[in-house]
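One-letter residues, chain by chain:
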Amino acid sequence: MNGLLLGKRLKEARLSKKMTQSDVVGGYITRNMLSQIESGAAFPSIRTLEYLSGVLEVPMAELMSGIETERSGLSLAEDLKTCVRLLSPYLEEDSSAYKEIDAIIRYAEAALEKIAETMLTNP
């Protein structure tokens, strides 16, 4: 994944809101971690990305747009479908990973929608 592009988008969103790194991180992650993410030295977890998306009021799909592996959209879509299928049953259980699994599933579903839209408009 292209951490540099994601980091650039996060930094631009933060600066457009006239927020400091400390304003953004609150007590969720460290300012140093946000600095690493913005510089492309680190890639956030889905849960951290969801948090940053919420604080910066930028949809995750917008932040992640065009940031894919070098695989085809169809291959990625199949992987995401598999991810949703494998993780969904664990939402029924009292799992400590519930929030992380839920965030992954929501991201996968949003990505699938975006891929489907792209494939319909650009066959």
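Placed above this text is the structure.
Treat the numbers as computed from the prediction; the structure is a model and nothing was measured. (Residues numbered from 1 in each chain as written. Predicted model: local features only at pLDDT ≥ 70, side-chain atom pairs only at ≥ 80, totals over all residues. Heavy atoms only, no water.)

Trainee: Could you clarify how one ought to interpret the nonpolar core in this entry?
Mentor: As a rule of thumb, nonpolar side chains are buried together in soluble globular proteins. Leu10, Leu52 and Leu56 are the most contacted members of the largest nonpolar core, which totals 18 residues. Those residues in contact with Leu56 that sit more than four places away from it in its chain are Leu10, Ala13, Arg14, Lys17, Met19 and Val24. (Core = buried A, V, L, I, M, F, W, Y, C linked by side-chain atoms within 4.5 Å. Buried < 20%, exposed > 50% of the residue type's maximum accessible area, 1.4 Å probe, protein only. Contact = heavy atoms within 4.5 Å.)

Trainee: Is there a simple way to explain the environment of Val55 in this structure?
Mentor: Within the element layout of this structure, Val55 appears in helix α4 (residues 46-56). Among the residues examined, Val55 registers a relative accessible area of 25% and is labelled partly exposed. Once the C-alpha coordinates of Val55 and Val25 are considered, the two residues, 30 residues apart in sequence, prove to be 8.5 Å apart. Aside from chain neighbours lying at most four places away, what touches Val55 is Met19 and Val24. (Helix = DSSP H or I, 4+ residues; strand = E, 2+ residues; numbered from the N terminus.)

Trainee: Explain unusual backbone geometry to me, please; I cannot follow it from the model alone.
Mentor: Trans peptide bonds make up most of the peptide bonds, and negative phi angles are found at most residues other than glycine. Positive phi outside glycine occurs at Lys18, with the angle close to 55°. The backbone of Glu57 sits at a positive phi, close to 55°, despite the residue not being glycine. A relative accessible area of 63% places Glu57 in the exposed class.

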